[in-house]
Amino acid sequence: MSEDTKKFMYLNRRAPYGTIYAWESLEVVLIGAAFEQDVSLAFVDDGVYQIVKGQDTGEVDMKNFSPTYSALGDYEVTKLYVEKESLEERGLTLDDLMHLTWEDEDEDWAEKDSIRLVSREELAKVMEGQDVVFSF
Amino acid sequence: MSELHTVNKSPYEKNSFDSCIGYAQAGSAVLLFEDGVYAAMSGGATEAKVKAAEGVKFYALGPDMKARGLSVDRVIEGVEIVDYAGFVDLAAEHSKVVSWV
Amino acid sequence: MPIEVNGKTLETDEEGYLVNLSDWEPAVAEIMAKEDDLELNSEHWDIITFLREYYEEYQIAPAVRVLTKAVGKKLGKEKGNSKYLYALFPYGPGKQACRFAGLPKPTGCI
């Protein structure tokens, strides 16, 4: 990455289907990934519901876009921060989330975890280090 | 006359669920749908509130739970899962519907 | 403009992409290619099939650079470059191949 690479964080705070925010965020991330910046996603508050596994919209006539999160690694978006407090407040654990990975080309496509479980305090520090934070 | 209260917002994002609980009298029913179904999940902040609402019967819309990856065996004890037809039946059985949006 | 495939009229958007993904059949690709003066061979079909599988798994059409890398990994390094892909699909491997494959325009294509 060149030295004018900027650090972009997408802050996701909404549940996936009640509003359009989650899907719009994902689309913007995928489009923005073409600019080869240092991109990370943060899942906070109801945003953690976006990556809950086992989503099946067959009976509600909406597009199930949860499989698209698995494509983020292909778009070189490999840092997905999940806030621990938000999970706990909702009775969720890491096991309730999809197993999202990316493949490291420099290490013979070794599969690595994309999700990083962090405390609010840790995430606040990561956020502080960003150039831009986009909110959805 | 018994009422059916409906909540379609996440209890963690809006206070619709809390307000609804405050108004739901014994003998009435609460139906959770769309993002409201998150309130039906055990282990979260809503479990104690659901259990404390004496004489109030809770329902959650199955298709909305399934869409969100919420497993039926994780719902709070006493919450009944209904389908769309069940939603209609509930509305018909009660004298009026109060929506907490 | 709608296209005629095996006696059926299929709806497309203003850029020629199928409106309903479920309308697709191999003949759709053949007819669209013919309109672009292309004859599809097995190498074209490898890419079209790959795109359809990618969409099935991830629910999006991949951006060109994502496609390029993924093709290199799956079909061999010599094919995972834009020169090879542009030779097959002169109007752009993302846009043209996705259109033949019955997918929407790639997400992240600028």
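Residues numbered from 1 in each chain as written. Chains lettered and ligands numbered in written order. Predicted model: local features only at pLDDT ≥ 70, side-chain atom pairs only at ≥ 80, totals over all residues. Heavy atoms only, no water.

Chemist: Please clarify how the packing of helix H2 (residues 42–58) of chain C against helix H3 (residues 64–75) of chain C should be interpreted in this entry.
Modeler: A packed helix pair is summarised by two numbers, namely the angle formed by the two axes and the spacing between the axes. Residue and element names in this part refer to chain C. At a minimum axis separation of 11 Å, H2 and H3 run at an interaxial angle of 110 degrees. Relative to H3, the element H2 is oriented roughly perpendicular. Listed contacts from H3 to Asp46, Ile47, Phe50, Leu51, Glu53 and Tyr54 of H2 are Val66, Leu67, Ala70, Val71, Lys74 and Leu75. Residue composition of the contact of H2 with H3, grouped by class: nine nonpolar, no polar and three charged. (Axes fitted to C-alpha atoms, helices over the stretch in contact; angles between N-to-C directions. Helix = DSSP H or I, 4+ residues; strand = E, 2+ residues; numbered from the N terminus. Parallel < 35°, antiparallel > 145°, perpendicular 65-115°, else oblique. Contact = heavy atoms within 4.5 Å. Nonpolar A, V, L, I, M, F, W, Y, C, P; charged D, E, K, R; others polar.)

Chemist: Would you mind showing me how to read the interface of chain A and chain C here?
Modeler: By a frequent convention, interface size equals the accessible area lost on bringing the separate parts together. Every contact between the two is made by 19 residues of chain A and, on the other side, 16 residues of chain C. In this assembly, chain A packs against chain C so that about 1,600 Å² is buried in total across both faces, 57% of it on carbon and sulfur atoms. The tally of links from chain A across to chain C stands at three salt bridges. In this structure, Glu76(A) and Arg65(C) form a salt bridge, with 3.9 Å as the shortest nitrogen-oxygen distance. In this structure, the connection of chain A to chain C is made through eight residue pairs in polar contact (both at pLDDT 80 or more). Of all the elements, helix H1 (residues 21–32) of chain A adds the most residues to the side of chain A that touches chain C, at four residues. Tallied by class, residues from the side of chain A that touches chain C come to ten nonpolar, three polar and six charged. (Buried area = accessible area lost by both parts, 1.4 Å probe. Salt bridge = Lys/Arg side-chain N within 4 Å of Asp/Glu carboxyl O. Polar contact = N/O pair within 3.5 Å; in protein donor to acceptor, adjacent residues only side chain to side chain.)

Chemist: Sorry if this is basic, but what is going on with the pattern of salt bridges here?
Modeler: Once their charged atoms are close, side chains differing in charge can pair, the charge on each being opposite to the other. Residues and elements named next belong to chain A. Inspection of the entire model under this criterion finds 26 salt bridges over all chains. Residue aspartate 38 is joined to lysine 79 by a salt bridge in which the shortest nitrogen-to-oxygen separation is 2.6 Å. Residue aspartate 38 is located in strand E2 (residues 38–43), and its partner lysine 79 is located in strand E3 (residues 79–83); the two are separated by 41 residues in the primary sequence. One network of salt bridges, with partners in common, ties together Asp46, Glu89 and Arg90.

Chemist: Mind showing me how you'd approach the sheet that holds strand E6 (residues 115–118) of chain A here?
Modeler: Residue and element names in this part refer to chain A. A sheet is described by the order of its strands in space; here five strands give the open sequence E6-E3-E2-E1-E7, paired in parallel fashion. Edge strands, defined here as strands with exactly one partner in the open sheet, are E6 and strand E7 (132–135). The mean angle between the axes of side-by-side strands here comes to 25 degrees, regardless of whether they run parallel or antiparallel. Pairing geometry for strand E1 (residues 7–12) and E2, over six bridges, is parallel. The partner of tyrosine 10 across the bridge, within E2, is leucine 41. H1 rests against E1 and E2 of the sheet, and its axis sits at about 165 degrees to E1. (Pairing = 2+ DSSP bridges.)

Chemist: How do you make sense of the domain arrangement of chain C when you look at a structure like this?
Modeler: Residue and element names in this part refer to chain C. Each assigned domain of chain C is listed here: domain 1 (3–35) and domain 2 (42–100). For domain 1 versus domain 2, the separation of C-alpha centres amounts to 19 Å. Across the contact, ten residues belong to domain 1 and eight residues belong to domain 2. Across the domain 1/domain 2 interface, buried area totals approximately 870 Å², and carbon plus sulfur atoms make up 67% of it. When the buried surface of domain 1 facing domain 2 is broken down by residue, Tyr17, Trp24 and Met32 rank first, second and third, together holding 56% of it. Inspection of the region where domain 1 meets domain 2 yields zero salt bridges. In this assembly, domain 1 and domain 2 are joined by two residue pairs in polar contact (both at pLDDT 80 or more). In terms of residue class, the side of domain 1 that touches domain 2 is made up of seven nonpolar, one polar and two charged. (Domains from an automatic or database assignment.)

Chemist: What is the right way to read the packing of aromatic side chains from this model?
Modeler: Aromatic ring pairs are described here by two measures, namely the spacing of the ring centres and the angle between the planes. Inspection of the entire model under this criterion finds 14 aromatic pairs over all chains. For the pair Phe8(A) and Phe134(A), a centre-to-centre distance of 5.5 Å together with 90 degrees between the ring planes defines the contact as edge-to-face. Residue Phe8(A) is found in strand E1, and its partner Phe134(A) is found in strand E7; the two are separated by 126 residues along the sequence. According to the relative accessible area criterion, Phe8(A) is buried, its value standing at 18%. On the basis of relative accessibility, which here comes to 31%, the residue Phe134(A) falls in the partly exposed class. Taken together, the aromatic side chains of Tyr17(A), Trp23(A), Phe43(A), Phe65(A) and Tyr69(A) make up a single cluster linked through ring pairs. One Lys or Arg, Arg90(A), reaches over the ring of Tyr12(B) and ends 4.4 Å from the middle of that ring. (Phe/Tyr/Trp six-rings, centres within 6.5 Å; stacked < 30°, edge-to-face > 60°. Buried < 20%, exposed > 50% of the residue type's maximum accessible area, 1.4 Å probe, protein only. Lys NZ or Arg CZ within 6 Å of the ring centre and 35° of its normal.)

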